[in-house]
Amino acid sequence: MRVLLVGGGGREHALALGLADDPAVDQLIVAPGNPGIASLAELREVAANDPAAVAALAVEVQADLVVIGPEAPLVAGAADAVRAKGIPAFGPSAEAARLEGSKTFAKEIMTAAGVPTARAHTCTDAESAGRALDDFGPPYVVKNDGLAAGKGVVVTDDRTIAEEHARECGRVVIEEYLAGPEVSLFVVTDGEAALPLLPAQDFKRVGDGDTGPNTGGMGAYAPLPWAPPGLVDEVMRDVVHPTLAEMRRRGTPFAGLLYVGLALTAAGPRVIEFNARFGDPETQVVLALLETPLAGLLHAAATGTLAAHPPLRWREGAAVTVVVAAEGYPAAPRTGDEIIGADRAGVIHAGTRRADDGTLRSAGGRVLCGTATGHDLAAARDAAYALVRGIELAGSHHRTDIAAAAVEGRIAVPD
Ligand code: AMP
């Protein structure tokens, strides 16, 4: 199988590792990729957000499967353009990707499908935003309605900050605060059949103890030793299948990766958000544990044959990933600094580039992730931090508490 993977971040490096490992893959092409992916695949340039350019590259490389990593190409219609050329694409249509592209649309689908989620109002002016903030009270949750690369959400007790975010975004969804530990559940689906991957937890805030602003994600681990038994079955029954059924009913089936972000509240699991693609950095840990060949799985979802796919197999143990971020991230990351120690197994490249002089340089806010597995969560965590300690990048920072509460048994699901 010839596989074209679109994207160039940490998620795509993790996907590339999985795809390159699948014996059915003879050739892996990644566009644009990154220096970490360069040793696994042939790299090509592409304007990833231009569906016609993605489709033309898929034809040129004679791909048997195109896997689209990031949300922006999906929302722009890259999967549709590839499928129009008769090539299987893993990723939802532009219509279906609105589950991520518009928070209002996602709420509409959840309401129609009876999916448990936070009560919410869409607001476009200061007056309606003020009424919604009054209605729910603090902590205030204010979300940019459009795509914001995981950074459009403000959760705050400070009314002025909440009002300012609403004003800056223009159109926002203001919703009820959901209290409880968060879970990311990835589901591979062909629109009808659906296979859940292992639940993971990510860390959105920049600082230890969940302090500071939200980021794209500072680390993750899987599996979740504290998750209630039956959680995944419950979410498949109450969230995933009703959502997929509603999308089919509207004539816009969702096929690809449905990312369900949940809070486990005292009243049960509640959906915080849907994404239309693998999450970053949870993908790094979930795929590190997946034993089932990845390309075969994604190909089955892309060709409507997932019902016939064998059950997924998982490695024993646990995986942890820790993000190394550039100085100034998330507000104003500094780029262009030299990186030493990144060429080791388990170091995933997220925002790096190879300079003309051959040195590796930082090229984004989240620069690298140290990803490791271990026989249990504590061992995986130690190994991931050992990788991070081996990385030199001036001014960089990382959280020191990724997976710590889970290792120490400090996470409780409210009942
Ligand atoms: P989102 O981009 O919707 O995933 O939101 C980013 C982060 O903000 C989530 O991972 C949560 O930590 C937090 N968040 C979003 N919505 C809520 C909510 N209704 N209640 C509590 N926290 C939330």
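Please refer to the structure placed before this passage.
Heads up: these notes are all about the structure in this document. (Residues numbered from 1 in each chain as written. Predicted model: local features only at pLDDT ≥ 70, side-chain atom pairs only at ≥ 80, totals over all residues. Heavy atoms only, no water.)

## Points about the overall build of the protein chain
Here's step 1: Helix and strand counts for the protein chain stand at 13 helices and 24 strands.
Here's step 2: Relative to the compact-globule value of 22 Å for 415 residues, the protein chain shows a C-alpha radius of gyration of 20 Å, a close match.
Here's step 3: For the protein chain, the spread of C-alpha atoms along the principal axes amounts to about 55 × 50 × 40 Å.
Here's step 4: Looking at the 415 residues of the protein chain, the share that counts as buried comes to 57%.
Here's step 5: Partitioning the intrachain contacts of the protein chain with sequence separation of at least 6 by distance along the chain shows that 67% fall at a separation of at least 24.
Here's step 6: If you sum the accessible surface of the protein chain, you get close to 16,100 Å²; carbon and sulfur atoms cover 50% of it.
Here's step 7: Placing the 35 positive and 53 negative side-chain charges of the protein chain at their respective mean positions leaves the two points 2 Å apart. (Helix = DSSP H or I, 4+ residues; strand = E, 2+ residues; numbered from the N terminus. Rg over C-alpha atoms; globule rule 2.2 N^0.38 Å. Buried < 20%, exposed > 50% of the residue type's maximum accessible area, 1.4 Å probe, protein only. Contact = heavy atoms within 4.5 Å. Areas by Shrake-Rupley, 256 points an atom, 1.4 Å probe, with all protein chains shown as cover. Lys, Arg positive; Asp, Glu negative; His and termini not counted. Charge placed at Lys NZ, Arg CZ, Asp CG, Glu CD.)

## Regarding the sheet that holds strand 10 (residues 182–189)
Here's step 1: Ordered by their spatial adjacency, 4 strands build an open sheet running 11-10-16-17, and the pairing between neighbours is antiparallel. Taken across any chain shown, the strands that pair with only one partner, and hence form the sheet edges, are strand 11 (194–196) and strand 17 (268–275). Each strand axis lies, on average, 30 degrees off the axis of its neighbour in the sheet, ignoring direction.
Here's step 2: Where strand 10 meets strand 16 (residues 256–265), 8 bridges bridge the pair, whose relative direction is antiparallel. If you follow Leu185 over to strand 16, its bridge partner there is Val260. (Pairing = 2+ DSSP bridges. Axes fitted to C-alpha atoms, helices over the stretch in contact; angles between N-to-C directions.)

## Here we look at a negative patch on the surface
Here's step 1: On the surface, a cluster of negative charge is contributed by Asp157, Asp158, Glu164 and Glu168.
Here's step 2: For Glu164, the location among the structural elements is in helix 8 (residues 159–169). (Patch = residues over 30% accessible without salt bridge, like charges linked within 9 Å, V, L, I, M, F, W, Y side chains within 5 Å. Salt bridge = Lys/Arg side-chain N within 4 Å of Asp/Glu carboxyl O.)

## Notes on the nonpolar core
Here's step 1: Counting residues in each nonpolar core, the largest one holds 77 residues, and the members touching the most others are Leu4 and Tyr221.
Here's step 2: With 7 residues, helix 9 (residues 231–249) is the single largest residue contributor to this core.
Here's step 3: When residues no more than four places from it in sequence are discounted, the contact partners of Leu4 are Ile29, Ala31, Val54, Leu57, Ala58, Val61, Ala63, Leu65, Val66 and Val67.
Here's step 4: Within the second largest apolar cluster, 41 residues are counted, among which are Phe90, Val188, Leu290 and Ala302. (Core = buried A, V, L, I, M, F, W, Y, C linked by side-chain atoms within 4.5 Å.)

## Description of the site of the ligand
Here's step 1: In the vicinity of the ligand, 14 residues are found, and the nearest of them are Glu175, Glu176, Leu178, Glu182 and Glu273.
Here's step 2: One of the backbone nitrogen or oxygen atoms of Glu176 is found 2.9 Å away from a nitrogen atom of the ligand.
Here's step 3: In this structure, Leu178 approaches the ligand through a main-chain N or O atom, which is 2.8 Å from a nitrogen atom.
Here's step 4: When the ligand sits alone it has 480 Å² of accessible area, and the protein chains cover 93% of it.
Here's step 5: Of all the elements in the fold, those that place two or more residues in the shell around the ligand are strand 7 (140–144), strand 8 (153–156) and strand 17. (Near = heavy atom within 4 Å. Polar contact = N/O pair within 3.5 Å; in protein donor to acceptor, adjacent residues only side chain to side chain.)

## Details of helix 11 (residues 294–302)
Here's step 1: Of all 9 residues in helix 11, 7 are buried; the element is thus mostly enclosed.
Here's step 2: Among the residues making up helix 11, those that are buried are Leu294, Ala295, Leu297, Leu298, Ala300, Ala301 and Ala302.
Here's step 3: Once helix 11 finishes, Gly304 follows within two positions and takes phi at roughly 70 degrees, a positive value.

## Some thoughts on the environment of Ala350
Here's step 1: Mapped onto the secondary structure, Ala350 falls in the loop between strand 20 (347–349) and strand 21 (352–354).
Here's step 2: Taking the C-alpha atoms as reference points, Ala350 and Pro92, 258 residues apart in sequence, are found 23 Å from one another.
Here's step 3: In this view, Ala350 contacts Gly8, Gly9, Gly10, Arg366, Val367 and Leu368; residues no more than four positions away in its chain are not counted.

## Some remarks on helix 7 (residues 126–136)
Here's step 1: Every buried residue belonging to helix 7 is among Ser128, Ala129, Gly130, Ala132, Leu133 and Phe136, and all of these are buried.
Here's step 2: In the core, the buried residues of helix 7 are packed alongside strand 6 (120–123), strand 7, helix 8 and strand 9 (172–175).
Here's step 3: Where helix 7 starts, the residue carrying a side-chain oxygen 3.1 Å from the main-chain nitrogen of Glu127 turns out to be Asp125.

## Thoughts on the sheet that holds strand 20
Here's step 1: One open sheet holds the 5 strands; their spatial order is 12-15-18-23-20, and the pairing between them is antiparallel. Here the strands that pair on one side only, and so sit at the sheet edges, are strand 12 (201–202) and strand 20.

## Here's the deal with the packing of helix 1 (residues 10–20) against helix 10 (residues 282–289)
Here's step 1: Put simply, helix 1 and helix 10 touch, their axes get as near as 8 Å, and they point 10 degrees apart. One way to sum up the angle between helix 1 and helix 10 is to call them roughly parallel. Listed contacts from helix 10 to Gly10, Arg11, Ala14 and Leu15 of helix 1 are Thr283, Gln284 and Leu287.
Here's step 2: Tallied by class, the residues present in the contact of helix 1 with helix 10 amount to 3 nonpolar, 3 polar and 1 charged. (Parallel < 35°, antiparallel > 145°, perpendicular 65-115°, else oblique. Nonpolar A, V, L, I, M, F, W, Y, C, P; charged D, E, K, R; others polar.)

## So, the side chain of Thr265
Here's step 1: Tracing the backbone shows Thr265 in strand 16.
Here's step 2: Residue classification places Thr265 among the buried positions, given a relative accessible area of 9%.
Here's step 3: Every residue in contact with Thr265, bar those within four places of it in the chain, is listed here: Leu178, Ala179, Arg270 and Pro414.

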